[in-house]
Structure formats: structure tokens, C-alpha cells
Amino acid sequence: MSFLTNALVAGSAVAVPSGLLGWFVLMRRQVFAGDALGHVAFTGALAAAAFGVDVRVGLFVGTVGLACVLAVLGRRARADDIVIGATFALVLGLGVFFLARLSRASGRGGDAGLQAERAAAAARSLFGSILGLTTRDALVLAAVGLVVSAGLVALARPLLFSGLDPERARARGVRERLVGTLFLVLVGVAAGQASQAVGALLALGLLVAPAAAARRLTARPYLGPLVAAAIGLVATWAGIAVSRHVDGVPASAAVVLCATTAFVLAGAARRCRIRRSAAAFAGRGRGDARAAQAASAEQGVVRVDLGAEPGRQLRDGR
Amino acid sequence: MVHALQAGTVVAVLAPVLGWFVVLRGQTFAAHTLGVVAFPGAAAAVFAGLPAVAGYYASTVTGAVALSRFRGGRRAGTDEPTAVGIVHVAALAGGFVLSRLYDGMLPQTTALLFGSFLGISAGQVRVTLVTAVVVLAVLAAIWRPLVLATLDPELARSRGLRVAVLDVAVLLLVAVVVAVTSGIAGALLIGTLLVTPAAAAHRLTARAAVGIPVAVLVAVVVTWASLVLAFVSDVPPGFYLAALAFGAFGSAVLADRVRSVAAAR
């Protein structure tokens, strides 16, 4: 396969599970945990390089390990922001340590070309190299992506239940800690995967931006993740296309910027829909059939917003 | 090295005081994001031929105003953590594009992200010191309303306080502190001085009069030790900062556990 096919396969294999998981990450308000899990991939990759192990092993050990740590430290497998912040500063510090160790080990000669090369290698693990993946890389990513998506499908129901109504979920026998831990591990694997394509720093982009756009369009619990995955997929393809045609724009940044553009566009679409249905609602008194139809759509919007609120109150009131 | 110690000390006194509020208000992620927002600002300034500091300030202040709009509630179908996450990734991606457009890969990309304690000029020390005095003065001036608005926004609103203005003010102060701190500790490692010492103090006491001095003490000791260790080894100070600060946080958590077990007996 050509490098472009590899990039498209790998990008799709990363975007779909990230989009699906991202919707649940936002619902459970675990954005910061997702960010930390993405960044730890950098430390994992550098540690693997420093010890001479395969970089992929380091990535996944790092992200899954941190997922378990965050699950253990948090109440009910949801670490609070402060624990995440402190743990995550430590993890990045370790990344700096391995970076220094790596450049010392390979830089005993100390010429300028080698220095620049190592800086570029460090930046690659931070910002990804989707256009530099081999066919084998792409296929491995596709396989991991399938496993993560399947895992999420299996976990979706209890996850949704415990996310929206933790009390009742517990009463009905949902094992919250187990579900939360498995979910964080899935996010960790997805982040490790995303960091190979768009880099450790931008892995959060594929997790959050498509899902946030989808949440502006729908609050339906099974439609939402699918919409998020679709937006992620389109953003990934668009980003790769942009970086092919505009000189000097790196693919990973283009992908993430396309996804954030989708978020902005979704906000505009949401405003249009509300305004249109409000106008229709005003016209209903005159017995206009089309307006009445649109008004019922508006009620749908209102119901959607109310539907999203109780879960939030529950979570805030714990 | 002397300049690094001076600037490091000023930052270590300043950051935890504000950090105490950041932890209290649960805005760790927002503070981290403002640190990241400094990265495209600095890259853009370098790209346009301006001093990096101008870029730091312009971008972090913009970020602070943008984030404060999402404080405590939903707006346009988006809640606070989501908004913070979006700003975060857009800033990183934008910074990466800018640093790539400027003559291939900026050699300072890692310095922008992870900081460079060593090699600080006397001018930078003066700028840091002036900033610290101004920030601490503003914080002292708005102290009481800020505490009330943080602990009980409803009550503060009913007392006629403009909570939204205070929300912006705190993030603006964080933005300024982040701008001076990230020049030294790096955009990604702000949290080691801003959040971790304050988080450790919060585990030990809820009283500001005790907690803030403890946090400052932790930060100053950690900074000095890190600088000396970085000087004698050749690992960047960011690693020592992160490791020692986390050590302090971990000890505080342990002490808290031990105390609550002892109290339960």
C-alpha cells in the first residue's frame, strides 16, 4: 500500500474508536483524564526508546498503566482533577528525564546534526507522524481499533447507566469501579493508538473535538457516539487532504484543526436550528402545519437539553 | 545560575499563592490549558519577529477570557471541561503549525514546552519580580470577595458581587503567572509549581493562613533543590521539579490518610 493509503487506514482506525469513546469521556466529564492519558504516551515512547524496547510497547504500557493508576486513586474509579494534575506533571517530568537520557546516550560525539535529529525524533513522538507509517503499522492500528470499539460496545450499557444515574446503577448491581476502570483502560489504549498517528499532545483532539461537536448536534445516547465517530473520520480525511495540498502544514495538526472546526460549525448549526424552530413556534398560533412540525422539532431540542441536565446535576451533587 | 535561582525563587513564591485558589476552584485543567495556550502565542510571536514574551501574554489573556465564559454551567451545548479541552487541543495544533511554518522545526520547540531554567538574563529576573509584585497586590485587593465567590457563588451574587468579573480576573492572573512561569518551567510543566504544591497544602489543611505558607515553602524548597540537582547532573530541571513536587504531594496524601485513620480510632 502507498503511504497515503496507510495514513488513511491508520487515521480511520484511530478516529472511529476515539470518537466513540470521546462521547462517553465528555458525558462522564473525564476530559482531563483523557488529556493525561494522551500525554503519558510521550513518556512511554521515550522510556521505551531509552531502554531499547519497541516504542509501541512503551506507548501502551504507559497509557494502560496510567489508566489503572488513575482508576485506583480516584473515588469510584474517577480520579479528581487535582490527582490527575499532580500525577500528570510527574509523568511529563519523567518524559523530560528520558529525553535527556536518550540524547546523552546517543550524543557522546555531540555534533549539531545529531542534536537536530534527536530534537526532531522527540517532536515526532509529541506530534505524531501519520504520513510516515508502514503498512504493518496501519494494520496493527486497525486491529487495535477494532478491539477497542468492540470493547466499548460491550461496555456501553453499564457505562451509560452509571454515567447518567450512578445511584440507581449501583442499586441495580452495576459494578461501577470495574466499569470505570475498564473504560479508562479503553481510553488509554485509544490514546496510545492515537498518539502514533497524531502524537501524544494531540491525541486529546481526536477524543474531545468530534465528540463535543456531536454533543452540540444530538443528545441521544446511541446516536451521539456514532455521529462523533463519523465527524472524527471526516476530520481525519480532510486533515490528511489539507496537509497534502498546503505546504508546510503537518498532517496531525491539520486533522485536529479540522476537528475543532467541526466543533465550531456544529455550534452554528445548533444556533440555526434553535432560531428556526423558535420562529416556527411563534407561527404555530396561525395554524401553519409546517411551522407546527418544526415546533415539535424544537420541543425535541428542549427535551434534549433537559435530558442532558439531570445527569449533570447528579454528578455535581455527589 | 544566580539569575535562575533568583527568578526561580520569585516564581516559587508567586505560583503557589495563586495555585491555592486554582485548586480550591477546581480549575487545574484550565490552568494547565492556559500554560499550553502560551505555546502557540510564543511560536506566533517568533514567527512574526516579535519577542516571545509578547506572544505569551497576548495568547494567555485571550485564552483566559475565552475559558471564563464557560465557567460553571453549560453554554451552547458545551460544559466547562469540554470547552477547556477544545481550547487546549486547538492551541497545541495551532502552535505546532506555526512552529513548523517557521523554518521547518523550531529548535526551541522542546524549550518552549519543557522550559530552560538555565540561561536567564537579569532583565528576565526584573520582569518576573515586577509581575509577581503586581499579581500579589491584585490578589490581596480582591481576596475576600474572591474567597466568597469561590466557596459560594450564589451567596456572593446575592451580596451584589460580580462573580463573572471575578472569574475572569482569576483566570487573567493565572494567565500572567503562567506567562512568567512557562518561560522557566516550560508550557507543559507549569503544574509542578502552580498546582502540585498547593494541592499538597490542601491535603494538610483547609486554612488559607496555614496552607498558603506551606505551599510556598514546598515550592521554594523544591525549586532550589531542582536547580542544584540540574546543575550538578545534566538532566533538565523540569524532571526534578516534577519528581520532587510529586513527592511532596504524595507525602501529604499519606499524612492525610494516616491522620484520618488515627482520628477514626
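Definitions and cut-offs
Residues numbered from 1 in each chain as written. Chains lettered and ligands numbered in written order. Predicted model: local features only at pLDDT ≥ 70, side-chain atom pairs only at ≥ 80, totals over all residues. Heavy atoms only, no water. Helix = DSSP H or I, 4+ residues; strand = E, 2+ residues; numbered from the N terminus. Buried < 20%, exposed > 50% of the residue type's maximum accessible area, 1.4 Å probe, protein only. Contact = heavy atoms within 4.5 Å. Areas by Shrake-Rupley, 256 points an atom, 1.4 Å probe, with all protein chains shown as cover. Axes fitted to C-alpha atoms, helices over the stretch in contact; angles between N-to-C directions. Left-handed = near helix turned anticlockwise from the far one by under 90°. Nonpolar A, V, L, I, M, F, W, Y, C, P; charged D, E, K, R; others polar. Core = buried A, V, L, I, M, F, W, Y, C linked by side-chain atoms within 4.5 Å. Buried area = accessible area lost by both parts, 1.4 Å probe. Salt bridge = Lys/Arg side-chain N within 4 Å of Asp/Glu carboxyl O. 1 Å grid on protein atoms, 1.4 Å probe; cavity = no way out; pocket = protein on both sides within 12 Å on 5 of 7 lines; lining within 4 Å. Points joined across faces, edges and corners; volume = space filled by probe spheres on them. Phe/Tyr/Trp six-rings, centres within 6.5 Å; stacked < 30°, edge-to-face > 60°. Lys NZ or Arg CZ within 6 Å of the ring centre and 35° of its normal. pLDDT = per-residue confidence, 0-100. Expected span 1.5 Å × (residues − 1). Patch = residues over 30% accessible without salt bridge, like charges linked within 9 Å, V, L, I, M, F, W, Y side chains within 5 Å. Parallel < 35°, antiparallel > 145°, perpendicular 65-115°, else oblique.

Trainee: Give a description of the overall build of chain B that names residues and reports values.
Mentor: Scanning chain B for helices and strands turns up 13 helices and zero strands. The N-to-C order of helical and strand elements in chain B reads α-α-α-α-α-α-α-α-α-α-α-α-α. Here chain B holds 265 residues, and 53% of them are scored as buried. Put simply, 75% of the contacts in chain B that link residues at least 6 apart link residues at least 24 apart. Roughly 10,500 Å² of accessible area belongs to chain B as shown, and the carbon and sulfur atoms make up 68% of that amount.

Trainee: Tell me about the overall build of chain A, and please be specific about residues and values.
Mentor: When its secondary structure is counted, chain A shows 12 helices and zero strands. For chain A, the succession of helices and strands along the chain, N to C, is α-α-α-α-α-α-α-α-α-α-α-α. Of all 318 residues assigned to chain A, the portion counted as buried reaches 54%. Long-range contacts, defined as pairs at least 24 residues apart, comprise 76% of the intrachain contacts of chain A with a sequence gap of at least 6. Counting only carbon and sulfur atoms, one obtains 63% of the accessible surface of chain A, whose full area is about 13,600 Å².

Trainee: How would you explain unusual backbone geometry if you had to name every residue and give the values?
Mentor: For A:Arg29, which is not glycine, the phi dihedral falls at a positive 55°. Summarising the element assignment, A:Arg29 is placed in the loop between helix H1 (3-27) and helix H2 (31-51).

Trainee: I'd love a proper account of the packing of H1(A) against helix H8 (residues 176-197) of chain A, names of residues and values included.
Mentor: Residue and element names in this part refer to chain A. At a minimum axis separation of 10 Å, H1 and H8 run at an interaxial angle of 140°. As H1 runs across H8, the sense of the crossing is left-handed. Mapping the contact onto sequence places Ala 13, Val 14, Pro 17, Ser 18, Leu 21, Phe 24 and Val 25 in H1 and Phe 183, Leu 186, Val 187, Ala 190, Gln 193, Ala 194 and Ala 197 in H8. Taken together, the residues of the contact of H1 with H8 break down into 12 nonpolar, two polar and no charged.

Trainee: Hey, could you go over the nonpolar core for me, with residue numbers and the actual values?
Mentor: If you look at the biggest cluster of nonpolar residues, it comprises 162 residues, and the most contacted ones within it are A:Leu21, A:Phe24, A:Phe183, B:Leu34, B:Val174, B:Leu194 and B:Phe249. Contacts of A:Phe183, omitting those with residues within four sequence positions, involve A:Leu21, A:Phe24, A:Val25, A:Arg28, A:Gln30, A:Leu155 and A:Leu159. In terms of nonpolar packing, the next biggest core, distinct from the first, is built from five residues, B:Ala4, B:Ile120, B:Val125 and B:Leu227 among them.

Trainee: Requested: an account of the interface of chain A and chain B, with residues and values cited.
Mentor: Contacts between the two partners involve 51 residues from chain A, matched on the other side by 46 residues from chain B. Together chain A and chain B conceal approximately 4,200 Å² of surface at their shared face, both sides included; 77% is due to carbon and sulfur atoms. By the criterion of area lost to chain B, the three top residues of chain A are A:Ile82, A:Val96 and A:Phe127, representing 13% of everything that side buries. For the interface between chain A and chain B, the tally reads zero salt bridges. Of all the secondary structure elements, the ones that give two or more residues to the side of chain A that touches chain B are H2, helix H4 (81-106), helix H5 (112-127), helix H9 (203-217), helix H11 (251-283) and helix H12 (289-316) of chain A. Take the side of chain A that touches chain B: its biggest share by element is 17 residues, from H4(A). When grouped by side-chain class, the residues that make up the side of chain A that touches chain B number 32 nonpolar, eight polar and 11 charged.

Trainee: Break down empty space enclosed by the protein for me, citing the residues and quoting the values.
Mentor: What the rule picks out here adds up to three cavities of 30 Å³ or more. Its volume calculated, the largest cavity comes out at about 100 Å³. Lining the largest cavity we find 14 residues, and of these A:Gly85, A:Phe88, B:His32, B:Gly191 and B:Val195 sit closest to its centre. At the level of elements, H4 of chain A together with helix H2 (28-48) and helix H10 (191-194) of chain B are the ones that each hand at least two residues to the lining of the largest cavity. The element best represented in the lining of the largest cavity is H4(A), accounting for four residues.

Trainee: How would you summarise the environment of A:Asp165 if you had to cite specific residues and measurements?
Mentor: With respect to the secondary-structure elements, A:Asp165 resides in the loop between helix H6 (135-164) and helix H7 (166-171). For the pair formed by A:Asp165 and A:Thr218, sequence separation is 53 residues and the distance between their alpha carbons is 19 Å.

Trainee: Go over the packing of aromatic side chains with me, naming the residues and quoting the values.
Mentor: Scanning the model with the defined rule gives nine aromatic pairs over all chains in all. Between A:Phe32 and A:Phe88 the ring centres are 5.8 Å apart and the planes differ by 75°, which places this aromatic pair in the edge-to-face class. With a gap of 56 residues between them, A:Phe32 in helix H2 and A:Phe88 in helix H4 connect regions that are remote in the sequence. An identical accessibility class is assigned to A:Phe32 and A:Phe88; each is buried. Three or more aromatic residues joined by ring pairs form one cluster here, namely A:Phe97, A:Phe98, B:Phe239 and B:Tyr240. The residue whose ring lies beneath A:Arg215 is A:Trp23, and the NZ or CZ to ring-centre distance is 5.8 Å. One Lys or Arg, A:Arg216, reaches over the ring of A:Phe263 and ends 3.9 Å from the middle of that ring.

Trainee: Which residues make up the confidence of the model for chain A, and what are the values?
Mentor: All names here are of chain A. Per-residue pLDDT for chain A averages 78, and the proportion of residues at 70 or more is 79%. When mean pLDDT is taken per element in chain A, helix H10 (residues 223-245) scores highest with 91 and H12 scores lowest with 46. Confidence over residues 108-112 falls short of pLDDT 50; this stretch has zero contacts with residues more than four positions distant or in other chains. Within the model, the stretch residues 298-318 combines pLDDT values under 50 with 25 contacts to residues more than four positions away or in other chains.

Trainee: Describe in detail helix H4 (residues 80-101) of chain B, supporting the description with residues and values.
Mentor: If you check H4(B), its first and last C-alpha atoms are 32 Å apart, about what 22 residues at 1.5 Å a residue would give, namely 32 Å. Among the 22 residues of H4(B), 17 are classified as buried, and the element is accordingly described as predominantly covered.

Trainee: I'd like a description of a nonpolar patch on the surface, backed by residues and values.
Mentor: Residue and element names in this part refer to chain B. Together, Val 228, Leu 229, Phe 231, Val 232 and Leu 244 make up a nonpolar patch on the protein surface, roughly 450 Å² of accessible area in all. With four residues, the single largest contributor to the nonpolar patch is helix H12 (residues 208-232). Considering the arrangement of structural elements, one finds Val 228 in helix H12. The exposure class assigned to Val 228 is partly exposed, which follows from its relative accessible area of 45%.

Trainee: Requested: an account of the packing of helix H1 (residues 2-24) of chain B against helix H7 (residues 143-151) of chain B, with residues and values cited.
Mentor: In helix packing, the relevant descriptors are the interaxial angle and the interaxial distance, both defined with respect to the helix axes. Residues and elements named next belong to chain B. Viewed as axis vectors pointing N to C, H1 and H7 meet at an angle of 25°, and their least axial separation amounts to 10 Å. Classed by the angle they form, the pair H1 and H7 counts as roughly parallel. On H7, the residues that touch Val 17, Phe 21 and Leu 24 of H1 are Trp 143, Leu 146, Val 147, Thr 150 and Leu 151. Class assignment for the residues of the contact of H1 with H7 results in seven nonpolar, one polar and no charged.

Trainee: Any chance you could break down the side chain of A:Ser243 for me, citing the residues and the numbers?
Mentor: Residues and elements named next belong to chain A. Structurally, Ser 243 can be placed in helix H10. Given a relative accessible area of 12%, Ser 243 falls into the buried group. Leave out the neighbours within four places in its chain, and Ser 243 touches Leu 131, Val 249, Pro 250, Ala 251 and Ala 254.

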